[in-house]
Amino acid sequence: MDRAEDLDVRGRTVLVRSDLNVPLDGTTITDDGRIRASLPTIQDLLRRGAGVIVCAHFGRPKGDDYAARAAGGPSLRPVADRLAELLRRPVTLASDVAGESARVIASTMAAGEVALLENVRFEPAETSKDDQVRGELAGRLAALADVYVGDGFGAMHRKHASVYDTPLLLPHAAGQLVLAEVAVLRQLTSSPARPYVVVLGGAKVSDKLAVIGNLVGMADRLLIAGGMAYTFLAAQGHQVGASILQADQIPQVTTALADAAKAGVEMVLPVDHVVADRFAADAEPEVVHGPDIPDGKMGLDIGPATRELFARKLADAKTVFWNGPPGVFEFPAFAAGTLAVAEAISHVTGLTVVGGGDSAAAVRHLKLPADAFTHISTGGGASLEYLEGRELPGLAALEAGT
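On a predicted model such as this, the values are computed, not experimentally measured, just so you know.

S.K.: Any chance you could break down the packing of aromatic side chains for me, citing the residues and the numbers?
M.R.: Two aromatic rings are characterised by how far apart their centres lie and by the angle between their planes. Overall, the coordinates contain 2 aromatic pairs when judged by the stated rule. For the ring pair tyrosine 66 and phenylalanine 122, a centre distance of 6.1 Å and an interplane angle of 85° mean the geometry is edge-to-face. Of the two residues, tyrosine 66 sits in helix 2 (residues 66-72) while phenylalanine 122 sits in the loop between strand 6 (114-116) and helix 5 (131-142), which places them 56 residues apart along the sequence. A relative accessible area of 25% places tyrosine 66 in the partly exposed class.

This is how it looks when you write it as structure tokens:
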């Protein structure tokens, strides 16, 4: 994969596909981590005399056509404003994705200038399953620039027009963020230092079964928490009360437990819980000692004994990958488990990777220092699919010749 830093970009217009899909509260950005992660590549290109057009998706716009989606939003306006603040230079926001506004901006762009296209998902073609439909949008995007740089790692697992089809039409290279993400993931999948411990949380076990299956051949220990743990506990015959449960996944989970045992991989599940009678920030927390949860109660965090158990299982680790919070960290009464796991991982002296998505959000929400971990990924789904051993379309496109 060619590096963006090696491209000759002086006097050229570069289309940079970034991942700027940040959370919003109204029009206020609540976590600008992904915007900050996109800065090094953009700044390097500007420093070397390029004009930069940034392309990104934002949320999941609803509607059958461009007009409906653009009317419903979300617009990238708040992102453009924040990007301008962080770059300390103006950022022109196009009023469309690859239409007249984008073409005018691209044709008049000078070295050192930055523009942001509107939310690429306003174009239904961006996510189309039809190669020809995606290709038409990719052609319009490619016409805006001389060179393409892929730096939106969080979208690399999507076969979308701006991620997969556009780089095939232009000279292309990978940005600094994508190169850093791939380098870390290669360390996790190629002879990692041992013990190699994986911590998996999050709500749905169905989202993680494929990666669990692949990690059984690589990791030494899997620590399972979050909502997905209750399906594992149910598969072992435990009561889970009103906790989130994917009953249809119990056969697959039973197989995963058996495969781990056969491979000699230690599977560690919660031994106690913090529960409540409802899913709410002001719900009264209660510790349940033991793995069984009584009827009418739902597990919202791992309990104190599990926190200690997980800390012990992480203490001798030389490689750690963490994806998914162990509890509902957004509610202060149910954040202790996530904080405990994050702190235990931060004490590991080897490679520690926070696998993007909610895990990265938890680190920032709990105000943990980013330098406590080797790497905080920007791509939850992309990281998981890489660890599943699947080809990421965006990476495949960057590795292909034009």
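S.K.: So what's going on with the pairing of strand 7 (residues 147-150)? Which residues, and what values?
M.R.: What you see with strand 7 is no split at all: Val147 and Val149 on one side and Tyr148 and Gly150 on the other are buried throughout. Pairing of strand 1 (residues 13-17) with strand 7 involves 4 bridges; the strand directions are parallel. Bridge pairing in strand 7 links leucine 15 to tyrosine 148.

S.K.: Describe the environment of proline 23, naming the residues involved and giving the relevant values.
M.R.: Counting through the fold element by element, proline 23 comes out in the loop between strand 1 and strand 2 (24-25). Among the residues examined, proline 23 registers a relative accessible area of 39% and is labelled partly exposed. In this structure, the C-alpha to C-alpha distance between proline 23 and glycine 299, residues 276 residues apart in sequence, is 26 Å. Apart from residues no more than four positions distant in its own chain, proline 23 is found in contact with Thr28, Ile29, Thr30 and Asp31.

S.K.: Pulling in residues and values, what's your account of the nonpolar core?
M.R.: Taken as a class, soluble globular proteins show a tendency for nonpolar side chains to be buried jointly. In this structure, Leu117, Ile212, Leu222, Ile224 and Phe232 are the most contacted members of the largest nonpolar core, which totals 71 residues. Once you skip the residues sitting within four places of it in the chain, phenylalanine 232 turns out to touch Val205, Ile212, Ile224, Val253, Leu257, Met267 and Leu269. Formed by 31 residues, the second largest nonpolar core is a distinct cluster that contains Val22, Leu76, Val79 and Ala84.

S.K.: So what about the sheet that holds strand 5 (residues 91-93)? Which residues, and what values?
M.R.: Read across the sheet, 6 strands follow the order 5-6-4-1-7-8 without closing on themselves; strand pairing throughout is parallel. This sheet does not close on itself; its edge strands, each paired only once, are strand 5 and strand 8 (172-174). With strand direction ignored, the average angle separating the axes of adjacent strands in the sheet is 25°. Sheet topology note: the strand 7/strand 8 ladder contains 3 bridges and is parallel. By the bridge assignment for strand 8, glycine 150 is matched with alanine 174.

S.K.: Can you explain the pairing of strand 15 (residues 319-323)? Please cite residues and give values.
M.R.: The two faces of the sheet receive side chains in turn, since in a regular strand these alternate between them. Of all the 5 residues making up strand 15, 5 are buried; the element is thus mostly covered by neighbouring parts of the structure. Bridge analysis of strand 9 (residues 196-200) against strand 15 gives 5 bridges, and the strand direction is parallel. When the bridges of strand 15 are listed, valine 199 appears paired with tryptophan 322. Judged from the 4 bridges that link them, strand 15 and strand 16 (residues 351-354) form a sheet pairing that is parallel. Bridge assignment links valine 320 to a residue of strand 16, and that residue is threonine 352.

S.K.: Residues and numbers for the sheet that holds strand 13 (residues 286-289), please.
M.R.: Taken together, 3 strands build an open sheet; the order of strands is 13-12-14 and the sheet is antiparallel. On the outer flanks of this sheet lie strand 13 and strand 14 (298-302), each paired with one strand and no other. Each neighbouring strand pair of the sheet contributes to a mean axis angle of 45°, computed without reference to strand direction. Sheet analysis places strand 12 (residues 272-276) next to strand 14, joined by 4 bridges and oriented antiparallel. Among the inter-strand pairings, valine 275 is bridged to a residue of strand 14, identified as glycine 299. Running over the sheet, helix 11 (residues 304-315) touches strand 12, strand 13 and strand 14 and is turned about 40° from strand 14.

S.K.: Report on unusual backbone geometry, specifying residues and quantitative values.
M.R.: Omega for the bond connecting glycine 73 with proline 74 falls within 30 degrees of zero, at 10°, which places this linkage in the cis form. Among the secondary structure elements, proline 74 is positioned in the loop between helix 2 and helix 3 (77-87). The phi dihedral of arginine 88 is positive, around 60°, even though this residue is not glycine. Positionally, arginine 88 belongs in the loop between helix 3 and strand 5. Although it is not a glycine, serine 191 adopts a positive phi angle of roughly 50°.

Reading the values: rules and limits
Residues numbered from 1 in each chain as written. Predicted model: local features only at pLDDT ≥ 70, side-chain atom pairs only at ≥ 80, totals over all residues. Heavy atoms only, no water. Phe/Tyr/Trp six-rings, centres within 6.5 Å; stacked < 30°, edge-to-face > 60°. Helix = DSSP H or I, 4+ residues; strand = E, 2+ residues; numbered from the N terminus. Buried < 20%, exposed > 50% of the residue type's maximum accessible area, 1.4 Å probe, protein only. Pairing = 2+ DSSP bridges. Contact = heavy atoms within 4.5 Å. Core = buried A, V, L, I, M, F, W, Y, C linked by side-chain atoms within 4.5 Å. Axes fitted to C-alpha atoms, helices over the stretch in contact; angles between N-to-C directions.

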